[in-house]
Amino acid sequence: MNRTKVDEEEYWHSSKFKAFTFDDDDDDELSQLKESKRAVNSLRDIVDDDDDDLERVSWSGEPVGRRSRIGSFQSLSDALSDVPPKNYAPELRRPKGEYKDYSSDWSLSDTVRRLQKGKVCSLERFRSLQDKLQLLEEAVSIHDGNVITAVLIFLKRTLSKEILFRELEVRQVALRHLIHFLKEIGDQKMLLDLFRYLDRTEELALSQYQEHLSIQDPEKRKEFLKSCIGLPFSVEDAAHVQDHYTLLERQIIIEVNDRHLESSGQTEIFRKHPRKASILNMPLVTTLFYSCFYHYTEPEGTFSSPINLKKTFKIPDKQYVLTALAARAKLRAWQDVDALFTTKNWLGYTKKRAPIGFHRVVEILHKNTAPVQVLQEYIRLVEDVDTKLNLATKFKCHDVVIETYRDLKDRQQLLAYRCKVDKASAEEEKIDSILSSTQIRWKN
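Predicted model, so just to flag it, every value in this text is computed and none were measured.

### Concerning the pattern of salt bridges
Scanning the entire structure with this criterion turns up 27 salt bridges. Among the ionic pairs, Arg-406 bridges to Asp-407, the shortest N-O distance being 3.2 Å. According to the relative accessible area criterion, Asp-407 is exposed, its value standing at 52%. In this structure, Glu-428 engages Arg-418 in a salt bridge whose closest nitrogen and oxygen atoms are separated by 3.7 Å. A residue pair is termed long-range when its members are at least 10 positions apart, and Glu-428 in helix 22 (residues 426–435) and Arg-418 in helix 21 (residues 411–418) qualify at 10 residues. Taken together, the shared-partner salt bridges in this structure form one network comprising Glu-137, Arg-166, Glu-167 and Arg-171.

### So, the nonpolar core
Core analysis: the largest hydrophobic core is formed by 54 residues, its most contacted members being Leu-325, Phe-341, Val-361, Leu-365, Tyr-378 and Ile-379. Looking at this core, the element that brings in the most residues is helix 15 (residues 317–330), giving 7 residues.

### Some points on the confidence of the model for the protein chain
Parts of the prediction with low pLDDT should not have their coordinates interpreted in detail. Averaged over all residues, the pLDDT of the protein chain is 80; the fraction at 70 or higher stands at 76%. Segment residues 12–103: pLDDT under 50, and 224 contacts once partners within four positions in sequence are set aside and those in other chains are kept.

### So, the packing of helix 6 (residues 161–169) against helix 8 (residues 188–198)
Close contact between helix 6 and helix 8 brings their axes to 10 Å; oriented N to C, the two are set at 55°. Classified by the angle their axes make, helix 6 and helix 8 are oblique. Pair helix 6 / helix 8 crosses with right-handed handedness. The segment helix 6 lies against helix 8, with Lys-161, Glu-162, Leu-164, Phe-165, Arg-166 and Glu-169 engaging Lys-189, Met-190, Asp-193, Leu-194, Tyr-197 and Leu-198. Per-class residue counts for the contact of helix 6 with helix 8 are 6 nonpolar, no polar and 6 charged.

### Brief notes about the packing of helix 15 against helix 17 (residues 358–367)
Here helix 15 crosses helix 17 at 30°, and the two axes come no closer than 9 Å. One element, helix 15, and the other, helix 17, form an angle in the roughly parallel class. Crossing handedness for the pair helix 15 and helix 17: right-handed. Only Val-361, Ile-364 and Leu-365 of helix 17 make contact with helix 15, whose side of the interface consists of Leu-322, Leu-325, Ala-326 and Ala-329.

### Description of unusual backbone geometry
With a phi close to 60°, Asp-199 is a non-glycine residue in the positive phi region. In this fold, Asp-199 is placed in the loop between helix 8 and helix 9 (201–210). One non-glycine residue, Arg-332, lies in positive phi territory at about 60°. Tracing the backbone shows Arg-332 in the loop between helix 15 and helix 16 (334–340).

### With respect to the packing of aromatic side chains
The geometry of an aromatic ring pair is captured by two quantities: the separation of the ring centres and the angle between the planes. Throughout the structure, instances matching the rule amount to 10 aromatic pairs. Geometrically, the ring pair formed by Phe-270 and Tyr-294 is stacked, given 4.8 Å between the ring centres and 10° between the ring planes. Placement of the pair is Phe-270 in helix 12 (residues 268–272) and Tyr-294 in helix 13 (residues 284–294), with a sequence separation of 24 residues. For the pair shown, Phe-270 and Tyr-294 are each scored as buried. When the centroid spacing of 4.9 Å and the interplanar angle of 50° are considered together, the rings of Tyr-290 and Tyr-294 count as tilted. In this pair, Tyr-290 and Tyr-294 are both assigned in helix 13, 4 residues apart and thus about one turn of the helix distant. With relative accessibility at 9%, the residue Tyr-290 sits in the buried group. In textbook terms, an aromatic cluster arises when at least three aromatic residues are bridged by ring pairs, as seen for Phe-270, Phe-289, Tyr-290, Phe-293 and Tyr-294. Lying over the aromatic face of Tyr-320, Lys-310 brings its terminal NZ or CZ to 5.9 Å of the ring centre.

Conventions we followed
- Residues numbered from 1 in each chain as written.
- Predicted model: local features only at pLDDT ≥ 70, side-chain atom pairs only at ≥ 80, totals over all residues.
- Heavy atoms only, no water.
- Salt bridge = Lys/Arg side-chain N within 4 Å of Asp/Glu carboxyl O.
- Buried < 20%, exposed > 50% of the residue type's maximum accessible area, 1.4 Å probe, protein only.
- Helix = DSSP H or I, 4+ residues; strand = E, 2+ residues; numbered from the N terminus.
- Core = buried A, V, L, I, M, F, W, Y, C linked by side-chain atoms within 4.5 Å.
- pLDDT = per-residue confidence, 0-100.
- Contact = heavy atoms within 4.5 Å.
- Axes fitted to C-alpha atoms, helices over the stretch in contact; angles between N-to-C directions.
- Parallel < 35°, antiparallel > 145°, perpendicular 65-115°, else oblique.
- Left-handed = near helix turned anticlockwise from the far one by under 90°.
- Nonpolar A, V, L, I, M, F, W, Y, C, P; charged D, E, K, R; others polar.
- Phe/Tyr/Trp six-rings, centres within 6.5 Å; stacked < 30°, edge-to-face > 60°.
- Lys NZ or Arg CZ within 6 Å of the ring centre and 35° of its normal.

Right, here's the structure in full:
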């Protein structure tokens, strides 16, 4: 039994393969070709979930080809007006005893209905091309993905590729099912042959690019990605493939250097914080975090420099700041955090600026157990008064709460907050001093 035959058998019996549904607009394998969105958004777990305007890096996590593919991976509901419910197609089933011929009297419709019910049914009696194509059209007419796939497997086994491709080219519904099936069982060779026959150059390029997933050796994977750069991708996908190659090339250089530094034991950062995993094949955002953690102060000219990564891959300011903040806060490098948000104007005056918002800065700092003094500094920079008070109260930054109520001239809130601080504490004394001041014109 050849490998393809084994794959087809496994397709029916293994739960790892999913049925092709008419309203399935997802493509799991293509989603592995680029960095996962979860990797790009991993840092958003520690900030607000509603940051819809968070900019994305060019290596963003959208699957290569998702926007440019030619529709063969889109929902079959576009091709069929009468579609079953979304969950109509359970785990694909193989009719038991498919090749046992119990009766030769069943009509095409009888055969298809028996397949649909999972009953014993032989397809071997359909010998002529005309009979086989009529069987396929009958299967398509009932809108059952399981039956269509069962018939396609039979045709794949009994027809030459040239004839099969020629007939499916004018039967788009069946063609989409075959493409899905070939991707599920990993028959990359037949898939490439099919795309060549159909002259679908972009999908052919994407399928060839997909082969990098099976290459474990970093150097061989890098060379393979380099060979993909000239393939006929869309403009957007071509940029992603170029980025993928450049990123892996950069990671290989960093990995060799850092492995040496770590093994020598002469670099403090690696002694205090040993690496938990290799940087090879990691997403861009993970690579940036790694660089901000281990190589933050390196000059821009080095491959491992965070600034070099930012410029090479055109990482937006928001994403860069968010990643750098998380890395430096994890190391409790508060001076680096301060420098990250300090800017100078042309007159030389310094100002604090946070493209991600200071309320997010505070949340990240708190998650990395920043001291109260550091938290208070950034809470004071939050412009919205209600947000500032909520953060200060939540993280017990009493001085900020007290100062804010003083600035609001809200005597009642200040009296209420006095009850929440410790008796005879510095905070209570500060509140009493403010309340007794004759310089403040209270509003209540």
